[in-house]
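# Per-entry structural report
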Amino acid sequence: MVNIRPAHTHEIPHIAAIHEQTATVAYAHIFPNQPFPRTETITRWQNFPGQILIAEVENVSVGFAAFDAAELHALYVMPNNQGQGIGRRLLVAAGAVSLLWVLKENHAARRFYAAHGWVPDGTARMAFGVVEMRYQHAATSGYEPTLLDDPVKGNSTMKNVTVTEEAARLNRQAWDSIRRQRDDGLIATHHDVAAEILAGTTILSPQQRQLAGDVAGKSLLDLGCGDGFELLEWALAGAHVTGVDNSPLQLAAAQHAATQLSLSCRFVQTDLLTLPENLLQTQFDIVFSAWVTAWIGDLQRWFTDVALALKLGGIFLLSGRHPLADFFAERAQSETARMSYFQEGPFYEKANRSVTWNPAAEQYTTIEWKPTLGNIVTAIAQSGLRTTHLLELGDTNGKDGLIGVPGEFLIRATKEG
């Protein structure tokens, strides 16, 4: 359990020690063979006019953040405790800071801040003989994305809102619309999930079941559970399940189906990039997510939370439409949203009438991402999880005009000590 609290004056030497041990590792390639300025560092934190927060694990201080009303002046986490979400929690605890400086060659720190919504604003300065870059947080800097065919661009609601936050809002509205049309019987698939399951319909593939192993008695977190079809299949296999989704109407359908099947399930409504702390306490044996990556605008951040949710030895199962199948289908259908497989979005799309998805012709907009398979696998690795299996499944067999292209990917990764 991580505890964040204000620092006390007598802890300044220990804060300086954390600073020294962390900086010595982080800056080894930037300041080789240079002694750490220990005395100056103690003086700096003794005289710091802002606030300092300490992060503790089992009553041992492992990191700190120093900030004032506008600027984050320092954030350090001990090397052995990095990758555990402690830096993210300190960043959140620092509140509405909107400015920080980071050494240009400190690539690890720059990746960390980028993963949490910080962007360079083009300002640089010399510090300690090297280049330092100024970053601002997208949510507080007035950042407004300029995107392909952005129907929302120019709308005042976009100001001071990150694209991932806007995606959560718009996509929630879209899935609520789809659920309403399913409930009204306009969309046949998943109209009555419990009835489909009782009739023998299954969505989980043999490969998913095999890679998960025996789930009886295990705790399982389904991220993006939607109407709960796969979640309920796991519950019927004996798992203790928790389902998370952004759409309240989807979750209501999932709860209704669970009641019809006499299954005890826990459901949580939240955006998948703002998972509550009580789900990130290393308590799950399995984290499962299917066909959700297109809705995630920050895979590194998301997979870091997956790692926080898993027990040591826990399993992460991720599946979805194969990125190559997605791209080739677009090209075969002469869609012009992107010209390259490596163009990942975000992509805005206004809904049209569709017999399959929108027979009522309701008005909504979706925001999706199309990450490459390589970037998905890399983001999983950078979260600290170890990929054990990458399966490419389901030849499209002419679907969407494609032949010989895998239709789906399935990844199994584990959390190791």
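Please refer to the structure placed before this passage.
From a predicted model like this one, the values you see are computed outputs, not experimental measurements.

Taken together, the seven strands give an open sheet; going across it, the order is S1-S2-S3-S4-S5-S7-S6, and neighbouring strands pair in mixed fashion. The open sheet has two edge strands with one neighbour each: strand S1 (2-6) and strand S6 (118-127). Adjacent strand axes in the sheet meet at a mean angle of 30°, parallel and antiparallel pairs treated alike. In terms of strand pairing, S1 meets strand S2 (residues 51-57) through five bridges, oriented antiparallel. In the sheet register, Ile4 faces S2, and the bridge partner there is Ala55. Where helix H1 (residues 12-26) meets the sheet, it contacts S2, strand S3 (60-67) and strand S4 (71-77), and its direction lies at approximately 90° from that of S3.

Here we come to helix H5 (residues 163-183). Every α-helix winds through 3.6 residues per turn, so residues three or four apart in the chain are directed the same way. Compared with an ideal rise of 1.5 Å per residue, which puts 21 residues at 30 Å, H5 spans 30 Å between its outermost C-alpha atoms and is within 8% of the ideal. Two residues or fewer after H5 comes Gly185, characterised by a positive phi angle close to 80°.

Here we come to the environment of Met339. If you trace the backbone, Met339 turns up in the loop between helix H11 (323-332) and strand S13 (347-350). On the basis of relative accessibility, which here comes to 57%, the residue Met339 falls in the exposed class. Each C-alpha atom, one on Met339 and one on Thr372, is 14 Å from the other, the two residues being 33 residues apart in sequence. Apart from residues lying up to four places away in sequence, Met339 is in contact with Phe327 and Arg331.

For any pair of aromatic rings, the description rests on two quantities: the centre-to-centre distance and the angle between the ring planes. Inspection of every chain in the model, using the stated rule, returns 14 aromatic pairs. Where Trp234 meets Phe288, the ring centres are 5.5 Å apart and the plane angle is 75°; that geometry is what we call edge-to-face. Note that Trp234 is positioned in helix H8 (residues 229-236) and Phe288 in strand S11 (residues 284-290), a separation of 54 residues in sequence. By the burial criterion, Trp234 is buried, and Phe288 matches it. Residues Phe327 and Phe328 carry aromatic rings whose centres are separated by 5.8 Å and whose planes lie at 50° to one another, so their mutual orientation is tilted. Of the residues examined, Phe328 reaches a relative accessible area of 36% and is grouped as partly exposed.

Calculation rules
In every chain, residue numbers begin from 1 and rise along the written sequence. Given that this is a predicted model, residues contribute local features only at a pLDDT of at least 70 and side-chain atom pairs are listed and counted only at 80 or more, while totals for whole chains, interfaces and linings are drawn from all residues. Water and hydrogen atoms were dropped before computing side-chain values, which therefore reflect all heavy atoms in the structure. A pair of strands is treated as paired once DSSP finds two or more bridges between them. Strands here mean DSSP runs of E at least two residues long; helices mean DSSP runs of H or I at least four residues long; both are numbered from the N terminus. Every angle, taken between N-to-C directions, lies between 0 and 180 degrees, and every axis is a line fitted to C-alpha atoms, over only the stretch in contact when it is a helix. For this analysis, residues touch if any pair of their heavy atoms sits within 4.5 Å. Given a helix with a known number of residues, its expected span is that number minus one, times 1.5 Å. Burial here depends on accessible area, computed with a 1.4 Å probe over protein chains only, as a share of the maximum for the residue type. Under 20% is buried, over 50% is exposed, and the range in between is partly exposed. Geometry of aromatic contacts follows a simple scheme: Phe, Tyr and Trp rings, the Trp one being its six-membered ring, pair when their centres are within 6.5 Å, and the pair is stacked under 30 degrees between planes, edge-to-face over 60, tilted otherwise.

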